[in-house]
Amino acid sequence: MAEKKRKLWIIGILLAAALLLALLFGTGVLSQAARNGNESSGPAETESPAWPDATRAPSGEIPVMRNEGDLYFPDQENWVYHFRYAYPHLLGDSYTVALINDTYQMALDEKKNLELPMFANAEEMRYDGHNEVWRDFTVMCNSDKLLSILEMRRQTQGEDAESLYLEALTFDTSGDYAGNSLTLRGVTLALAGIDSENVEDTPEALAARYRGIIDGSSTLMGEKLMPVLYEQFQALQQSGVLLASWTAEDFEQEVLPTQDFYVNGEGQILFFFQPSLMTEPSLDPPVFAFTPDELEALLTGAS
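It should be emphasised that the depicted structure is a prediction, and the values quoted were computed from it without experimental measurement. (Residues numbered from 1 in each chain as written. Predicted model: local features only at pLDDT ≥ 70, side-chain atom pairs only at ≥ 80, totals over all residues. Heavy atoms only, no water.)

### Quick look at the confidence of the model for the protein
Consideration 1: When pLDDT is averaged along the protein, the result is 84; 79% of the residues meet or exceed 70.
Consideration 2: Counting interchain partners and residues more than four positions distant, the pLDDT-below-50 stretch residues 1–11 has five contacts.
Consideration 3: Overall, residues 16–54 carries pLDDT values under 50, and its contacts beyond four positions in sequence, including any with other chains, amount to 55 contacts. (pLDDT = per-residue confidence, 0-100. Contact = heavy atoms within 4.5 Å.)

### Some words on the packing of helix H7 (residues 218–238) against helix H9 (residues 292–300)
Consideration 1: H9 packs onto H7 with a crossing angle of 90° between their chain directions and a minimal axis gap of 9 Å. One finds that H7 runs roughly perpendicular with respect to H9. Along its contact with H7, which presents Leu220, Met221, Lys224, Leu225 and Val228, the element H9 presents Leu295, Leu298 and Leu299.
Consideration 2: For the contact of H7 with H9, the per-class residue count stands at seven nonpolar, no polar and one charged. (Axes fitted to C-alpha atoms, helices over the stretch in contact; angles between N-to-C directions. Helix = DSSP H or I, 4+ residues; strand = E, 2+ residues; numbered from the N terminus. Parallel < 35°, antiparallel > 145°, perpendicular 65-115°, else oblique. Nonpolar A, V, L, I, M, F, W, Y, C, P; charged D, E, K, R; others polar.)

### Some thoughts on the nonpolar core
Consideration 1: Counting 34 residues, the largest nonpolar core has Ile269, Phe271 and Phe273 as its most contacted members.
Consideration 2: Of all elements in the fold, only helix H4 (184–192), helix H6 (211–215), H7, strand E7 (261–263), strand E8 (269–272), strand E9 (287–290) and H9 reach the threshold of two or more residues within this core.
Consideration 3: Ranked by the residues each element gives to this core, the list is headed by H7, at six residues.
Consideration 4: Once residues within four sequence positions are removed from consideration, Phe273 is found in contact with Leu229, Phe233, Leu236, Leu242, Phe251, Val255, Pro285, Pro286 and Phe288.
Consideration 5: Core analysis: the second largest hydrophobic core is formed by 24 residues, Ile62, Tyr104, Ala122 and Ile149 among them. (Core = buried A, V, L, I, M, F, W, Y, C linked by side-chain atoms within 4.5 Å. Buried < 20%, exposed > 50% of the residue type's maximum accessible area, 1.4 Å probe, protein only.)

### Quick notes on the pattern of salt bridges
Consideration 1: For the structure shown, the criterion picks out nine salt bridges.
Consideration 2: Salt-bridge contacts for Arg135 lead to Glu151; the nearest nitrogen and oxygen are separated by 3.9 Å. Of the two residues, Arg135 is situated in strand E4 (residues 131–142) and Glu151 in strand E5 (residues 146–157); the sequence distance between them amounts to 16 residues. This pair shows no difference in class: Arg135 is buried, exactly as Glu151 is.
Consideration 3: Notably, a salt bridge pairs Asp215 with Arg211, separated by 3.2 Å at the nearest N-O pair. Of this pair, Asp215 and Arg211 both sit in helix H6, four residues apart, which is roughly one turn of that helix. (Salt bridge = Lys/Arg side-chain N within 4 Å of Asp/Glu carboxyl O.)

### Comments concerning the sheet that holds E7
Consideration 1: A sheet is described by the order of its strands in space; here three strands give the open sequence E7-E8-E9, paired in antiparallel fashion. Across the chains shown, the open sheet's two edge strands, defined by having one partner strand only, are E7 and E9. In this sheet, adjacent strand axes meet at a mean angle of 25° when their direction is disregarded.
Consideration 2: Pairing between E8 and E9: four bridges, direction antiparallel. Pairing of Phe272 across the sheet is with Val287, part of E9. (Pairing = 2+ DSSP bridges.)

### Some remarks on the packing of H4 against H7
Consideration 1: H7 packs onto H4 with a crossing angle of 90° between their chain directions and a minimal axis gap of 7 Å. It follows that H4 is roughly perpendicular to H7 by the angle criterion. Across the interface between the two elements, Leu184, Arg185 and Thr188 of H4 pack against Ser218, Met221 and Leu225 of H7.

### Here's the deal with the packing of aromatic side chains
Consideration 1: One pass over the full model with this rule turns up 13 aromatic pairs.
Consideration 2: On the basis of an interplanar angle of 70° and a centroid distance of 6.0 Å, the ring pair of Tyr72 and Trp79 is categorised as edge-to-face. Taken individually, Tyr72 and Trp79 each receive the classification buried, so the pair is uniform in this respect.
Consideration 3: Following the ring pairs from residue to residue traces out a cluster consisting of Tyr230, Phe233, Phe251, Phe273 and Phe288.
Consideration 4: The ring of Trp134 carries the charged tip of Arg154 above its face, separated from the ring centre by 4.8 Å. (Phe/Tyr/Trp six-rings, centres within 6.5 Å; stacked < 30°, edge-to-face > 60°. Lys NZ or Arg CZ within 6 Å of the ring centre and 35° of its normal.)

Have a look at this one:
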């Protein structure tokens, strides 16, 4: 336990240093050479889109490419951390595209310019001397309204330990919040055809249909979802898919419906359990789909 606390303390110090370095990068204090790292092959965009000269396809979606790379820290010959990645890169010159690209570029820059160089030089973070870090993504929904991206992460810590993690973001691509990631309530309103910025202008019939969501919040939606997801959690424990050792308290801490969700092309919101809850961790965990109408029923108690 003391060793674990010591490692957590060291990680906290490193992250604090990362914030300081981030300020230096942002103000241009660090040189370009210091930013470049040791990259064996630079980010590459693969596969030309079907509509190379347009910001959006005729059906409304924005072309999404793969920004890929392969990095070694502190260097390729004596590496401690090996980072293979693919991040989304949208095509087009709109403000919406720029905002979404900035979100992922900032995440990539922090990983390769700050976090991994520091970890590679921290003895406590080397484990057996070889650590693999992998990032990839899948576009779950790309419509004229929403872009939903599921990021998949894998990291090994030496030969024995491996951790898997999923993170999802759903962006507004056409409304008042275009380019920004949306909350659970914001996503639900968008799927229901309601402008979250001007809900008072919602047609009367539509407002009556989704009154619970309009008057509610993401927090309230998450609270209503927890008992439903817990039933699924217990069923999956009994079937052996999830670890039987997880308690109700663990469930409340590990399951985050206001965060762990994405949208599919059928207009559903899918909530997922993290791989760490599984008996055999996988990047294809159990998911639970809800339509805006089903979420409305949860909020209002309608059957």
